[in-house]
Amino acid sequence: MVPVSAYLIVAIVLFGIGTVGVLISRNMIVMFMCIELMLNAANLALIAFSRSLEVMDGHAFVFLVLTVAAAEAAVGLAIVLAIYRNRETINIDRFSILKW
Amino acid sequence: MSLDTLIFVISVIVAVFSATMMIVQRNPIASVLYLIVSLVAQAVLYVQLGALFLGSILIIVYAGAILVLFLFIIMLLNLRGNEDLGEKSPLVSQATKFIVSILFVLELVFVVRSGYVAESIATGVADTGSTGFGSVEDVALLLFTRYLYPFELTSILLLAAIVGAVVMARRENRDIQQSMFVEQTPSETFKKGQG
Amino acid sequence: MSDYLYLIPLFPLIGFLLNGLLLGRLPRVVVNIIACLSVAAAFIISVLVFFELKALPPDVRVIEQTLFTWIPSGILQVNFGLLLDPLSAIMILVVTGVGLIIHIYSIGYIAHDPCFGRFFTYMNLFMFSMLTLVLADNFLFMFVGWEGVGLCSYLLIGFWYHKKSASDAGKKAFIVNRIGDFGFLIGMFIIFWEVGSLEFRVVMEQAPVVFIAGGSLITTICLLLFVGATGKSAQIPLYVWLPDAMEGPTPVSALIHAATMVTAGVYMIARTNVLYMLAPDALMVVAIVGAVTAFFAATIALTQNDIKRVLAYSTVSQLGYMFLACGVASFSAGIFHLMTHSFFKALLFLGAGSVIHAMSDEQDMRRMGGLGKHIKITYITMLVAALTISGIPGFSGFFSKDEILWKSFSSQHGHPIFWVVGFVTAGLTAFYMFRLIYMTFHGKERMDEETRQHIHESSKSMTIPLMVLAVLSVVGGWIGMPHIFGVSNFFEHWLEPVMAGGSYEPVSHALAAGGGDVGMEWGLMAASVALVLVSIYFARTFYKTKPQLATAWRKKMSGLHQVLLNKYYVDEFYGAVIVRPLIVFSLFLWKVVDVILIDGFVNGSALVYEGVSESLRRVQTGRLRSYATLFVFGVVILVAYFVMD
């Protein structure tokens, strides 16, 4: 039998990998996927808590998070598409006009 | 080592490994595939935690739909992993990013380890089904009773996302008008110009 | 009906809001109707509540209405409360009545000005403020109206703001008024400090208990309030703004600078008569200032050539009379003169406006003359007003002025010297008024040919108000006939419940009872009438029959004439003693304190921030990933903080 805290640690590790990905990757789409990974890590934690507290509310949250993730993916990918059409690149560092 | 533990360890190894592979891959398509593998492994963990319904949703919706959308975009943009991504960041900055992330992970682990989370229940696949915890009925009951309004609001969110995606992704107006003109016969355009 | 007391100020406010918010979008007719109807409605309600008040027994003639609490703050409780008693009843009747007549007159006067909407907006706002002033049941609410009328005065003096002299005059009026308001405010603060309330009723009840009669505290309060009154009512030393205020449209001069606003100071002193009765020294100051102002302004009026300026100085002089009356503790006489004065001075101003209208905006009397046969109605009504202000028996001015003269002689606060000053001033008044009449309406026609062609009687909407006011000027005084005429003085009895400081009453009754003093009163009355008649005769000789005599006299006393013509050089004196040092001081504040110290400090701190941000902005690389790194770093610190906790 595996204790609940083990699942939490797994969620944390996955979240950390997602964080590193977001910070390191220069590819916009990979950054995006890392964000999805982070969302899922949070979901895993929610389910673990739900199990630990014996209440189902965490499941409802996970469901809602999934919806948000889907919406976010749709909009985000549309943005990627629009950006790519304008600049012919997916290098995130090229979009640095948001300063001064 | 019991069966539960075994399944847990294997799933964890698969999930963490493929997540790591996802970020080190240069080819985005490989990244997506690794992410799908990672998600499937996570779905196993979900099921172990009693979330049978959400586990299947994760595979169907996430791996099946959202990540396919990613694949679709990557193929649309014809990305092959050989794009110019500029020069790499300096080593110091990369190291900083790693250190910050690791610090963060360590902090969270410390939080879990230091007893902030009750170590009440151990879990296993065997638990599922017996109590109905995490079954479709229970999740549905919750969504349509206590979380009815947030649930309904998600529909608005999705609608807004659809509209947003369409607006962001469509071509410039100029292009559309041009294509409309092309569809007209030249003589009509000429007459309009005269009139 | 008294429940609807709040409607009296409300109607002009509605008119103001309608005309103001829809400025420039309403046709002329609608603007006129809104402006006049709102005042007319206020007037009708005023009449109704007046009769309701009259139906009550004299000692309970008070109607109070608290609309809501304005400032609830500890012991400071200030209400939007209205107070109707015999005094404010008289005031609202005068304000709305004369106001209505002048509004109607304005329709014709302003007919050719494109800014009629703005004009009526300000006028209605003025009516609202003035009614607030007289109806308020506490000092602070009164002060709201007090400031409101000051604002409207400023706006209306500078109505033709493209004329520099007009906007300057507006500023002058406002600034001089502020000086007075300062005194009023301080007085108000001390009252609150001592009594703990600003409500008139409470203050008047508490005053005899809280203050020692004749003590320095109450004297200070009264003097400070009087400073406010001198500012608003144009008394020495703060009278200088009123003559300049004649730059405004003539109906404004009539309404604000003759009939209503400038009398606010008199009203305020009458309203606080209980306090003044406790401070005989302050009363003495009021009487002296009033008497000196009356005489002083009358002498200036003798030599002025601008028709409106003569009237302006005449107003200052007449206000001096009112303060003289208040100063000898004969408040009801002051209010009585306030009322009759508002009739005949409004009439004089409106008549002057009609003359100016006829003369194609010429105001210099030296270029008038012989107008009497061209504009008959204006001439006759102006003549009535001149007779009234001069104090010819039978006209209202006679009764009110004579009351003041008699009280200044007989009251226990009075003194024969006051009577002498008032007496001489009465002669001067008659002289300058008939000088005006003769220069304007009689003698040679001195205007140029083109103007002469255009002389015309004003329209009906202007002449009818003149006639109404003329009738009021004649009969308005009959409600306050002196005792010796064998009739009961209705006006004085009417105000008796308010004038709690009526301690002079038994004295004057006693005097009236004694046969010798009745004879004395008759004698003084006859003397003043005789003096007035002589003055009129002189004016006639100088300006009608033998104008060369006037020239000769002017030559003979050229020094005095110059001094008077230049208004005793008071403006120059103020300019040198007050304004110039202030300008120098302000320049110092500007060039040194503001530019070097304050700006230096502000700019210096801005420079520091600029330098710091110049280096800090490097953080803003515009790269998403570096932002994300910082973000995560922040999260690490936050989590660390909570974990440490």
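Everything discussed here concerns the structure shown above.
Once a new chain begins, its residue numbering starts again from 1 and follows that chain's sequence as written. Naming scheme: in the order in which they are written, chains are lettered from A and ligands are numbered from 1. The predicted nature of this model means local features are confined to residues of pLDDT at least 70 and side-chain atom pairs, given and counted, to a pLDDT of 80 or more, with totals for whole chains, interfaces and linings taken over all residues. Side-chain numbers here rest on the full set of heavy atoms in the structure, without hydrogens or water.

For the overall build of chain A, give the residues involved together with the corresponding values.
Runs of E in the DSSP output that reach at least two residues are strands. Runs of H or I that reach at least four are helices, and both are numbered from the N terminus. In terms of regular secondary structure, chain A is built from three helices and one strand. Starting at the N terminus and walking to the C terminus, you meet the elements of chain A as β-α-α-α. Contacts were defined at the residue level, with two residues in contact if any of their heavy atoms lie within 4.5 Å. Partitioning the contacts of chain A with sequence separation of at least 6, the portion at a separation of at least 24 is 54%. Method for areas: the Shrake-Rupley scheme with a 1.4 Å probe, in which residue coverage is limited to the protein chains shown. Working note: accessible area of chain A is about 3,300 Å², and carbon and sulfur atoms make up 72% of it.

With reference to specific residues and values, describe the nonpolar core.
Counting residues in each nonpolar core, the largest one holds 192 residues, and the members touching the most others are Tyr-276, Phe-331 and Ile-335 of chain C. Discounting chain neighbours no more than four positions away, the residues touching Tyr-276 of chain C are Cys-222, Leu-225, Phe-226, Ile-269, Ala-282, Leu-283, Val-286 and Phe-331 of chain C. Only buried Ala, Val, Leu, Ile, Met, Phe, Trp, Tyr and Cys residues count toward a nonpolar core, and they belong to the same one when joined by side-chain atoms within 4.5 Å. Residue burial is assigned from relative accessible area. The probe radius is 1.4 Å, only protein chains are included, and a residue is buried under 20% of its type maximum, exposed over 50%, and partly exposed in between.

Tell me about the pattern of salt bridges, residues and numbers included.
If charged atoms from side chains of opposite charge come close, those side chains can pair. All names here are of chain C. Salt bridge criterion: a side-chain nitrogen from Lys or Arg within 4 Å of a carboxyl oxygen from Asp or Glu. Following the criterion strictly, the structure yields 18 salt bridges over all chains and no others. Where Arg-366 meets Asp-364, a salt bridge forms, and the shortest distance between an N and an O atom there is 2.9 Å. With a relative accessible area of 14%, Asp-364 lands in the buried category. The network of salt bridges with shared partners includes Lys-172, Asp-244, Arg-309 and Asp-571.

Tell me about empty space enclosed by the protein, and name the residues and values.
All names here are of chain C. A pocket, in this scheme, is an open set of points on a 1 Å grid over the protein atoms alone with protein on both sides within 12 Å along at least 5 of 7 lines, while a cavity is a set where a 1.4 Å probe fits but cannot get out; residues line either one if an atom lies within 4 Å of a point. Grid points are joined across faces, edges and corners, and a volume is the space filled by probe spheres set on the points. With the rule as written, the count across this model stands at three cavities of 30 Å³ or more. Each pocket or cavity is described by its volume, and for the second largest cavity that value is around 60 Å³. Elements supplying a minimum of two residues to the lining of the second largest cavity: helix H17 (396-410) and helix H23 (515-545). Broken down by element, the residue count for the lining of the second largest cavity peaks at four residues, all from H17. Lys, Arg, Asp and Glu make up the charged group, whereas Ala, Val, Leu, Ile, Met, Phe, Trp, Tyr, Cys and Pro make up the nonpolar group; the residues left over, Gly among them, are polar. Here the lining of the second largest cavity is built from residues that sort into four nonpolar, three polar and two charged.

Just give me the short version of helix H7 (residues 200-210) of chain C, but keep the residues and values in it.
Residues and elements named next belong to chain C. Among the residues making up H7, those that are buried are Phe-200, Val-203, Met-204 and Ala-207. Across the axial projection of H7, the buried residues extend over an arc of 95°, all falling on one side. Among the exposed residues of H7, those oriented more than 90 degrees off its buried face are Glu-205 and Val-209. Looking at the packing, one finds that the buried side of H7 touches strand S2 (76-84), helix H5 (139-157), helix H6 (164-195), helix H11 (264-271) and helix H12 (273-277). Directions from the helix axis toward the C-beta atoms define the arc.

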